[in-house]
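# Coordinate analysis (summary)
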Amino acid sequence: MWGSVAASVAGMMGAMAAAAPAPPVAAAVDATPVLTSTPFGALPEQAVTHTVTISGRGTLTATRITFTTTADLDGVIAQAEPGRCAASPRIVVCDLGDLLLGAATAAPRVTITGRIRPGVPPGTVIRNRVSVTSVESTATGPRVASNAYLLPGSMATATATAADPALESPAVASEVRPPGRSLRVPAVAAAVVGAIAAVLLTRRRLRRRHDLLLRPAVTNRHRDPM
């Protein structure tokens, strides 16, 4: 008796499970952040605008955008459409809530404006990075976009110009020959060469004069054939 009851209960549960609708399969989310910096390659004391948009299809739950930069921004202002932001000189965090991507509405957007703080050394790499996180990205990880550029100039060159060991080191300076001493050597050499030339010229003149004095005496010894 109890066996027949258990069999009937199991059959009823199987029939109910077959009749119950299957849970909907979550649609894959394709969310891609796009970062645009204008002007790209902004210099210290120059205003810059960073714009972040999210393109793709699907639903994002509890969406958050985090923007970071390696150069401080003065007077930074961040606005999210939709959502709200908290801004600091190097980090901006915006909570956009639940988003439906690919709908008729405009793509979510975050606009960050500011002025690069003066005093950033030349040769510094300015890297701007944005990441998008949501409940759906827990398994796949955040989506990231970035750009970077190098400030003109070289830190090593600037340091060498400011403190050049060749100009400040006493040891190097002592090895340099004074200008007065370097000029004396050619002057002495010129004087020696001039003295030798004068002696040779005097000897040549004396020999020529001696030859002229001897020539008439030798000529008078020969008789005139006529």
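Anything mentioned here points back to the structure above.
Residues numbered from 1 in each chain as written. Predicted model: local features only at pLDDT ≥ 70, side-chain atom pairs only at ≥ 80, totals over all residues. Heavy atoms only, no water.

### Section: the nonpolar core
- Ile54, Ile65, Val92, Leu96, Val110, Ile112 and Ile116 are the most contacted members of the largest nonpolar core, which totals 29 residues.
- When contributions to this core are tallied by element, the ones reaching two or more residues are β1 (30-38), β2 (47-69), β3 (73-81), β5 (91-101), β6 (109-116), β7 (125-133) and β8 (143-150).
- If you tally residues by element for this core, the top one is β2, at 6 residues.
- For Val110, the residues in contact, after removing those within four places along its chain, are His50, Thr51, Val52, Ile65, Gln79, Ala80, Cys85, Cys94 and Leu96. (Core = buried A, V, L, I, M, F, W, Y, C linked by side-chain atoms within 4.5 Å. Buried < 20%, exposed > 50% of the residue type's maximum accessible area, 1.4 Å probe, protein only. Helix = DSSP H or I, 4+ residues; strand = E, 2+ residues; numbered from the N terminus. Contact = heavy atoms within 4.5 Å.)

### Let's talk about the side chain of Ser137
- Relative to the helices and strands, Ser137 is located in helix α2 (residues 137-140).
- At 2.8 Å, the side chain of Ser137 forms a polar contact with the backbone nitrogen of Ser134.
- With residues near it in sequence (within four places) discarded, Ser137 still touches Val132 and Pro142. (Polar contact = N/O pair within 3.5 Å; in protein donor to acceptor, adjacent residues only side chain to side chain.)

### Digging into the state of the cysteines
- In the structure shown here, the tally under the stated rule is 1 disulfide.
- Across a sulfur-sulfur distance of 2.0 Å, Cys85 and Cys94 are joined as a disulfide pair. Its S-S torsion of approximately 110 degrees makes the covalent link between Cys85 and Cys94 right-handed.
- A residue is classified by how much of its surface remains accessible, and Cys85, at 26% relative accessible area, is partly exposed. (Disulfide = S-S within 2.5 Å.)

### So, the pattern of salt bridges
- Summed over the entire model, instances satisfying the criterion amount to 4 salt bridges.
- Between Arg64 and Asp95 there is a salt bridge, and its shortest N-O distance comes to 2.7 Å. Of this pair, Arg64 sits in strand β2 while Asp95 sits in strand β5, and the two are 31 residues apart along the sequence.
- A relative accessible area of 38% means that Arg64 is categorised as partly exposed.
- On the accessibility criterion, Asp95 (33% relative accessible area) is partly exposed. (Salt bridge = Lys/Arg side-chain N within 4 Å of Asp/Glu carboxyl O.)

### Quick notes on the side chain of His50
- As for its placement among the helices and strands, His50 is situated in strand β2.
- Judged by its relative accessible area of 3%, His50 falls in the buried class.
- Among the polar contacts listed, one links the side chain of His50 to the side chain of Ser37, at a separation of 2.8 Å.
- Here His50 is in contact with Leu35, Thr36, Ser37, Phe67, Leu73, Val110, Thr111, Ile112 and Asn128, once residues within four sequence places are set aside.

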